[in-house]
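# Reading the structure
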Amino acid sequence: MKFLKYLLAAFAGTLIALLICMLITFSIIGSLTPSEKPAVVEPSSILKIDLGTSIGEQGAEDPFDISGLIPIGMASTNRLGLLDIVQAIDNAATDPNIKFIYIDNCSFSQSISHLEEIRDALMRFRNSGKPIIAYGDNFTQGGYYIASTADKIYSDPLASNLILGVSTSIYFLKDILDKFDIDVQLIRHGKYKSAGEQFIANDISEANREQNQVMVNSLWETLSNAYAESRGMSADRIDYLVDNLKITTAEEMLAYNLIDSLCTAEQMNGIICGLAGVEDEKDLKTVDLRTYIKATAHTDYKIKDKIAVIYADGQIAASGDEGITSDSFVPMISDIRKDSSVKAVVLRVNSPGGSAQAAELIRQELELLQEVKPLIVSYGSYAASGGYWISAGADKIYSDNSTLTGSIGVFSMVPSFQKAIRNKLHINPVTIRSNEHADMYSARLLDTEERASMQKSVEQIYDLFLKIVSEGRGMATDEVDRIAQGRVWCGNDAIEIGLVNEIGGLTDAIGYAAIAAGLEEYRLAEYPKVKTGLDRLMEGFNTAKAVNEAFTNPAEALESFYGSISPEPGVYAMLPVIYRFN
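Because the structure is a prediction, the values reported are computed rather than measured.

### Concerning the overall build of the protein chain
Per the secondary structure count, the protein chain includes 21 helices and 22 strands. Accessible surface computed for the protein chain: about 28,100 Å², of which carbon and sulfur atoms make up 52%.

Structural data, given as structure tokens:
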């Protein structure tokens, strides 16, 4: 056994050493490589937009991105930031070197909210008098949503079209959990607070079905209205074509006026040459979006006044390496509050929520910041539950039409593995306790008194949530309770019930923050710092170390596993599921 332990430890140590050596080698090679020449945009250039690349709330240009070199499942940290994309398109509208925009990929999949803000920027570009041309070898719903901004939409003759409406699926797990003798005990407040419902039921509740139907209808309304307006038809006409599968082929899209012409990729190159006024493709002057962002992005550090943009992106927790943690956000917000050069703050929320306690710590720190600086909020794909908790008191809230927000409700969920451990793993844990409820959180079923105690905690935090929203939005508590109950709303519905102030994107929030602070010129400062591939690799080493220890001491690992499945007390303000819409 000792031999195996030392062998595994040596193997893991050697692997880590090799990875470090590889990283150092790549870094040295990178430092010896000649620096990339500054990007230059030539006169009469075409801005090519391909949104098939990775897009995030924050952009990241990572010099240590070695995801393609080390096959350990490390995701690339290089991505385009939404704000960078929108600002680049806005710059292109007034840039005399940009002749027109060419959208050459219409088969990508991205967040609807991200696409909504990009589409708004493209419409501003088109309204400036410059044309947009789009070509699709295939069309997704998001791809056509962006392509519909174009003056002319071209399509490959064999293109397929996935404009079918909006759907989402929720998987109910009670039947399979019963197979493994796993019990889930759910304590919640809110008629619509369906978080955990998929663990205790094998079908959707009527309240949950109602809110999900309203959500998918609202999201489809955002898309279909955009399609209809751009192509000069009614939304009812779009519904008819979609419901009857009339536009699944390129020829059908042409017949029903969703595109303007059919052509091959080679023929499209000829069309672009004609629009650019050149005879040969090699004479085309094109600049891709990433290069254009680099060429036009600049920060004037002589400008002292700053607007801080805080990206609250991910789940909310007390600590951890990812997401929104009170351990990292509270001191960061405190530093921003004390920074005299920061005149206003934009909080960009893209979160389904999480720990209610962590959300409250962050909210309290934001409240202190708001006493000395304007606090403006912009919502991304999600600003629900805990995400709404931390932002409800802002001076002004901007939301996209497709943002999922609200979900004002709380829950606590305690899984019990007691039967599974005995019946499936054939392990018999023996508990010795000093008091009646000392083992309350030890993976066993709760008794009546214990459930009542947890329900009391849930009710207390729900009441606090109502109070926060009531004071932040200037609404009566009863009025908040009526639209709360854990219900999730889309942004275009949330504005009608007072949960947000205005439909708009991140650039709108920044513009308003400048007005609120009385700034004519300013520079942006983004928080928190984006993690590089090196940061993530070092975090991975800690995981590798833990795996190695588990292999070399299996008895301790088994005991640790039993401890890890013992639930910790906690009340959560979180979306029922992370929605993925088709």
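### A closer look at the side chain of Q58
Take Q58: it is sitting in the loop between strand 2 (55-56) and strand 3 (80-81). Apart from the residues within four sequence positions on either side, Q58 is in contact with R79, G81, Y311, E526, Y527, P528 and V530.

### What about the sheet that holds strand 1 (residues 45-49)?
On the basis of which strands lie adjacent, the open sheet formed by six strands has the order 8-6-5-4-1-9 and parallel pairing. Of all the strands in the sheet, just strand 8 (261-262) and strand 9 (286-288) have a single pairing partner and so form its edges. Bridge count between strand 1 and strand 9: three bridges; the pairing is parallel. The partner of I46 across the bridge, within strand 9, is T286. Here helix 3 (residues 112-127) sits on the sheet in contact with strand 1, strand 4 (98-103) and strand 5 (132-136), set at roughly 140° to strand 4. Sheet strands in contact with helix 10 (residues 265-276) are strand 1, strand 4, strand 5 and strand 6 (152-155), and its direction is about 165° off that of strand 4.

### Overview of the pattern of salt bridges
Counted according to the given criterion, the structure contains 17 salt bridges. D90 is the partner of R124 in a salt bridge, and the nearest nitrogen-oxygen pair spans 3.0 Å. Of this pair, R124 sits in helix 3 while D90 is found in helix 2 (residues 82-94), placing the two residues 34 residues apart along the sequence. The partner of E502 in a salt bridge is K396, and the shortest N-O contact between them spans 2.9 Å.

### Side note on the confidence of the model for the protein chain
A low pLDDT means the predicted coordinates there should not be read in detail. A residue-level look at the protein chain finds 82% of positions with pLDDT of 70 or above and a mean pLDDT of 86. In this model residues 31-35 is a low-confidence stretch, pLDDT under 50, and it forms zero contacts with partners more than four residues away in sequence or in other chains. Low pLDDT, under 50, characterises residues 67-75; the predicted model gives this stretch 11 contacts beyond four residues in sequence or across chains.

### Quick word on helix 16 (residues 448-473)
Look at helix 16: 37 Å from first C-alpha to last across 26 residues, which is about the 38 Å you get at 1.5 Å a residue. Of the positions making up helix 16, those classed as buried are E450, M454, V458, Y462, F465, L466, I468, V469, S470 and R473. The opening residue of helix 16, the one whose side-chain oxygen lies 3.1 Å from the backbone nitrogen of E449, is D447. Positive phi shows up at G474, right after helix 16, with a value of about 65°.

### Quick word on the environment of F108
Mapped onto the elements of the fold, F108 is located in the loop between strand 4 and helix 3. Setting aside residues no more than four positions away along its own chain, F108 makes contact with L51, G52, L115, T140, G142, G143 and I146.

Cut-offs and rules
Residues numbered from 1 in each chain as written. Predicted model: local features only at pLDDT ≥ 70, side-chain atom pairs only at ≥ 80, totals over all residues. Heavy atoms only, no water. Helix = DSSP H or I, 4+ residues; strand = E, 2+ residues; numbered from the N terminus. Areas by Shrake-Rupley, 256 points an atom, 1.4 Å probe, with all protein chains shown as cover. Contact = heavy atoms within 4.5 Å. Pairing = 2+ DSSP bridges. Axes fitted to C-alpha atoms, helices over the stretch in contact; angles between N-to-C directions. Salt bridge = Lys/Arg side-chain N within 4 Å of Asp/Glu carboxyl O. pLDDT = per-residue confidence, 0-100. Expected span 1.5 Å × (residues − 1). Buried < 20%, exposed > 50% of the residue type's maximum accessible area, 1.4 Å probe, protein only. Polar contact = N/O pair within 3.5 Å; in protein donor to acceptor, adjacent residues only side chain to side chain.

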